[in-house]
Every structure is written in C-alpha cells, then in structure tokens.
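Understanding the architecture of this molecule
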Amino acid sequence: MVQIVLAVAVFVLALAMVGLFAMMGELASRVSSAAQTSGTDLHPQPIEEARLGTAPADWPAELATVRDADAAHLVVFSSICATCARIASGDTGSLDALASPVAIVVSCPTREAGAEFVAKHPMVSDYPHVIDVGGAWLGRNFDIHITPGVLAFAAGALRSAYTFTDATALSHLPSHPHQEAAHVHAGEEGAARAEAAEVG
C-alpha cells in the first residue's frame, strides 16, 4: 500500500514538474519576443559630439570607395562591444538597408583583436574594412568613440553620425534633407561647445 501511495506521489510530482517547465518555457518565449520587438522599434540615435562636415585628409586605402563616392556609409564596430558582435554576426539582420557603397571600421585595442573580430564575423569581410587600433583614426578625425555606429558621408565629408543597437534600425535613418539638417546643426553646436571648452 505504501509503495502505491509513493508511486502516485512521484507521478503527481513528475506532472507538476513538467507543467512548471512548460510555463517557464512559455514565459521565456514571451520575454524574448518582447525584447526582440522593442529592439527592432529602436531608432538610431545621433552621436552629438561627432564633427559633422569633416573631410579627412588621411583616408585608409581600404575606405577609398567611401571617400570618393557622392554618398556612402561607414559602419563602426568595436571588438570589445557585445552589441557589435551580435550585429556583425548577422543575428539582427543584414546591412542592406544602407545605400552602397558601404565599408566597415573595426575599432580595437590591438591589431590582433581586430583581426580576430573580423575572422569571427564573416559579415565584416563582405565589405571593404579597416582595423582601427585604439579607434585612433575615428577619434582623430570625427571624435567618434561610440559603437556600434553608422556614419553617412557626402563627397568624403561626414554628413551624419548615429549609434544603433539593431541592424533593422538602419532602415529608420533620416533620409529627408530637413532631418539631416537638424542633425548637422546639432553637431555644429556640439563642436562649437567643445572648442569653447578647450579655449576656456
């Protein structure tokens, strides 16, 4: 009799455990779905400190297509940025929302770290790319220290700079002249404030 009672108890406990795991799985699925939905709804945010209007004199050879195009995009990743790795892995989609030509800059603490990032993320190799040790080129020319980022150029001059957290957000980049003009004005004000601070 005792064995029957124990068997029934074990059976009931097993059913309860199955039900618990099922509910946990459903909850995890809903949380994941909500997170993905909120992620895709995020719009790129302006990088206010970017030096808009800057046309570098020292373009890396790998970025010649961006330098010479009437309009082009530069995507900025960091080898120590988890969001960058997720985007570069293609987990959030492709970079097809960006009008060609498109190139990629990988900011990294060492050249080896940059090469490892490129090797782990084939998406980077699909585009012209350059390894920027210490983010020196980006910082020196555009005061860009935020990743991931997307920089828009017109005839080699920085037109706009945004940070983003999901590749699908790239389809929300401003395309209307008035929208970009507002960003340019904000960038010029930021540059002026930085110059004033340096003088002071």
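The text that follows walks through the structure, step by step, so that each part is easy to find. Keep in mind that this is a model prediction, so the values were computed, not measured.

Regarding the overall build of the chain
In terms of helices and strands, the chain carries seven helices and six strands. By the burial criterion, 36% of the 200 residues in the chain qualify as buried. Restricting to contacts in the chain with at least 6 residues of sequence separation, those with at least 24 account for 74%. By element, 62% of the accessible surface of the chain is carried by carbon and sulfur atoms, the whole surface being about 11100 Å².

Some thoughts on the pattern of salt bridges
For the structure shown, the criterion picks out three salt bridges. For D68, the salt bridge goes to R67, with nearest N and O atoms at 2.7 Å.

Overview of helix α4 (residues 111–120)
Taken residue by residue, α4 has G114, F117 and V118 as its buried positions. Projected down its long axis, α4 shows its buried positions confined to an angular sector of 100 degrees, all on one face. Within α4, the exposed residues directed more than 90 degrees away from the buried face are E112, A119 and K120. Considering only its buried residues, α4 is in contact with β2 (71–78), α3 (82–88), β3 (102–108), α5 (122–125) and β4 (129–133).

Structural notes on the nonpolar core
V75, F77, I104 and V124 are the most contacted members of the largest nonpolar core, which has 23 residues in total. Residue assignment for this core shows that the elements contributing at least two residues are β2, α3, β3, α4 and α5. Residues contacting I104, with those up to four places away along its chain left out, are L63, L74, V75, F77, L95, M123, V124, Y127, P128, H129 and V130. Membership of the second largest hydrophobic core comes to 21 residues, among which are A69, A103, F142 and L158.

Examining the pairing of strand β5 (residues 149–154)
Counted residue by residue, β5 has five buried out of six residues, so it is predominantly covered. Direction of pairing for β2 relative to β5: antiparallel, over a ladder of six bridges. By the bridge assignment, L74 is partnered in β5 with L151. Both β5 and strand β6 (residues 157–163) contribute to a ladder of six bridges, which runs antiparallel. Paired with F153 across the strands is L158, a residue of β6.

Rules and cut-offs
- Residues numbered from 1 in each chain as written.
- Predicted model: local features only at pLDDT ≥ 70, side-chain atom pairs only at ≥ 80, totals over all residues.
- Heavy atoms only, no water.
- Helix = DSSP H or I, 4+ residues; strand = E, 2+ residues; numbered from the N terminus.
- Buried < 20%, exposed > 50% of the residue type's maximum accessible area, 1.4 Å probe, protein only.
- Contact = heavy atoms within 4.5 Å.
- Areas by Shrake-Rupley, 256 points an atom, 1.4 Å probe, with all protein chains shown as cover.
- Salt bridge = Lys/Arg side-chain N within 4 Å of Asp/Glu carboxyl O.
- Arc of directions from axis to C-beta.
- Core = buried A, V, L, I, M, F, W, Y, C linked by side-chain atoms within 4.5 Å.
- Pairing = 2+ DSSP bridges.

Keep in mind these numbers describe shape, not what the thing actually does.
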